[in-house]
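Spelled out from the first residue to the last, the chains are:
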Number of protein chains: 2
Amino acid sequence: MRTKRGESPLATLAGKYLTLDEDERELLGSLTHEPRRIARNSEVVREGKAADNLFVVRSGWLLSYTIMPDGRRQVLQVHLPGDIIGFCDMPLPSFTYELKSLTDCSLGLLTRDRVNHIFHTTPRLTGFLFSLMMVDQKTHTDRLRVLGRMNARDRVIHFLLSVLVRLRLTDEAEGDVFDFPLTQFDLADAVGLTNVSVSNALSSLQEQGIVKRSSGRMQILDEAYMREAVSFTNRFESIDISWFPYLQASRA
Amino acid sequence: MRTKRGESPLATLAGKYLTLDEDERELLGSLTHEPRRIARNSEVVREGKAADNLFVVRSGWLLSYTIMPDGRRQVLQVHLPGDIIGFCDMPLPSFTYELKSLTDCSLGLLTRDRVNHIFHTTPRLTGFLFSLMMVDQKTHTDRLRVLGRMNARDRVIHFLLSVLVRLRLTDEAEGDVFDFPLTQFDLADAVGLTNVSVSNALSSLQEQGIVKRSSGRMQILDEAYMREAVSFTNRFESIDISWFPYLQASRA
DNA sequence: CGAGGCCTTGAGCTTCTTCAAGGAAAGTGG
DNA sequence: CCACTTTCCTTGAAGAAGCTCAAGGCCTCG
């Protein structure tokens, strides 16, 4: 939605872990050259489409999800600026989920050729990308804990926190306030509830002064309480890519 | 539990996707040289321990799990022969979960140095390992769908199927029968239920002739019905590593 | 043979869901 | 800019699925 300084959000993110040289910065930037513009509420890929490229989110929010046989939906991930979509589909012949835009979006296309190019020329970025993918996986196991063992209120709390910390990574959150384009149906499908339960949980949180909502924006008022309630850990805080083998190879 | 022909289960698994040359076969084998023996029901790592090495499961079953503040448990993954444990912890300073053996186990240790060595010398194995990691992630998103949107019966069905197909990969399943060392508490903690619900679900499945249990063994009687019930897809069937960039690099 | 762990089954309860209706907000077209 | 339409949110009542608690039985292992 909001990109600062005209820089790509992925570059902003990378800058938190690496000091990029000019080549690397340019390469990262090139991923989001000629971005594809996507209108709000449109289908970007359908399940089964050939997974011959990845997407890099330059701006906007997207949802990936699957449809159950009975028509219900499970949201697998919320994609924010700086995210790379489809990395783990690369060894598979096709996408295994649907991808839909929640807002107007700008997506960089990343072909397999280009991934090749990065992997061969910039070991540091390679290490960074793999680390991102591994953190992605950690995020998923955290969500298993949420869906498997938390009640409605805590599920909603955990979801809001996870969005907040990710927005902060790319400077998209303004302190404790951020745009929040999900409907309560979307949120419900993300945390395994119904829209009714989500409505109740959010109302209760607002009444107790823990969050505040207003027309597509969300404010986190008592972050400490929320973190405590769900034992939240920010996986992005502890990334360390210095160990990554390709790095050492390139320095030798 | 049962390893055929003395071959390491990871090598068996790799052999399904690659034709290994002698060097590669030897390297894979070396990962499980001098395996560490672990007794049934013992803690292998605790959360917070430095993640300076991975484990390769040579034989036996293990569980990784987290404990909730209220003492309940969420099983994150069941580890079977051929599995690599801890890959996605590499960019993190320490393990983020507990690891416990369900049976007597034999674990190969894999230090970061050795990972380095593989990455530098055998691009094909590197591609294979990354593909495994990506499939791992797919497996996790499948479980999100299970925990978010399925009822007790279907959760149990999905779990049994996912174990079955993984055991078949390393030839540890005998047709539709396999060892099943999990208690109903373990299974419950894996799929976000209580032992009571698991007991009910299993009894119902057995009564309807869909599965059959007997003292630590499980038999799948109506696999087609079960696959249909949960729209099961076997992610390992569709792995394709031919695209992997490092491969092309080494051939060029 | 005894003890401990594991499984089963039932009763009552809690949480979340379903169904439904009313109201607010946002988008659309004249 | 206003009326209309649609989507989204809220709230309530009733129902279902799974949980808690508990007791009894089985199986295994020492």
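Residues numbered from 1 in each chain as written. Chains lettered and ligands numbered in written order. Predicted model: local features only at pLDDT ≥ 70, side-chain atom pairs only at ≥ 80, totals over all residues. Heavy atoms only, no water.

Moving on, we get to the sheet that holds strand E2 (residues 43-45) of chain A. Sheets are built from strands that pair by backbone hydrogen bonding, the pairs being arranged parallel or antiparallel. On the basis of which strands lie adjacent, the open sheet formed by four strands has the order E2-E7-E4-E5 (chain A) and antiparallel pairing. Each of the sheet's edge strands pairs with one partner strand only, and the pair in question is E2 and strand E5 (73-79) of chain A. The mean angle between the axes of side-by-side strands here comes to 30 degrees, regardless of whether they run parallel or antiparallel. Across two bridges, E2(A) lies against strand E7 (residues 98-101) of chain A in antiparallel orientation. Counted as the bridge partner of Glu43(A) is Lys100(A) from E7(A). Running over the sheet, helix H6 (residues 184-191) of chain A touches strand E4 (62-67), E5 and E7 of chain A and is turned about 100 degrees from E5(A). Sheet contacts for helix H4 (residues 123-149) of chain B: E4 and E5 of chain A; angle to E5(A), the most-contacted strand, approximately 130 degrees. (Pairing = 2+ DSSP bridges. Helix = DSSP H or I, 4+ residues; strand = E, 2+ residues; numbered from the N terminus. Axes fitted to C-alpha atoms, helices over the stretch in contact; angles between N-to-C directions. Contact = heavy atoms within 4.5 Å.)

Another aspect to go through is the state of the cysteines. A covalent bond bridging the sulfur atoms of two cysteines is what the word disulfide describes. All told, the structure shown has zero disulfides over all chains when counted by the stated rule. Here Cys88(B) stays unpaired: no disulfide links it, and the sulfur of Cys88(A), its closest cysteine neighbor, is 12 Å away. (Disulfide = S-S within 2.5 Å.)

What follows deals with the protein's contact with DNA strand C. Near DNA strand C you find 14 residues, and of these Ala152(A), Thr194(A), Ser197(A), Gln184(B) and Ser199(B) are the closest. For DNA strand C, the fraction of atoms within 4 Å of the protein that belong to sugar or phosphate moieties is 81%. One of the side-chain nitrogen or oxygen atoms of Thr194(A) is found 3.0 Å away from a phosphate oxygen of DNA strand C. Here a phosphate oxygen of DNA strand C and a side-chain polar atom of Gln184(B) are 2.8 Å apart. The element that contributes the greatest number of residues to the surface near DNA strand C is helix H7 (residues 195-207) of chain B, accounting for three residues. (Near = heavy atom within 4 Å. Polar contact = N/O pair within 3.5 Å; in protein donor to acceptor, adjacent residues only side chain to side chain.)

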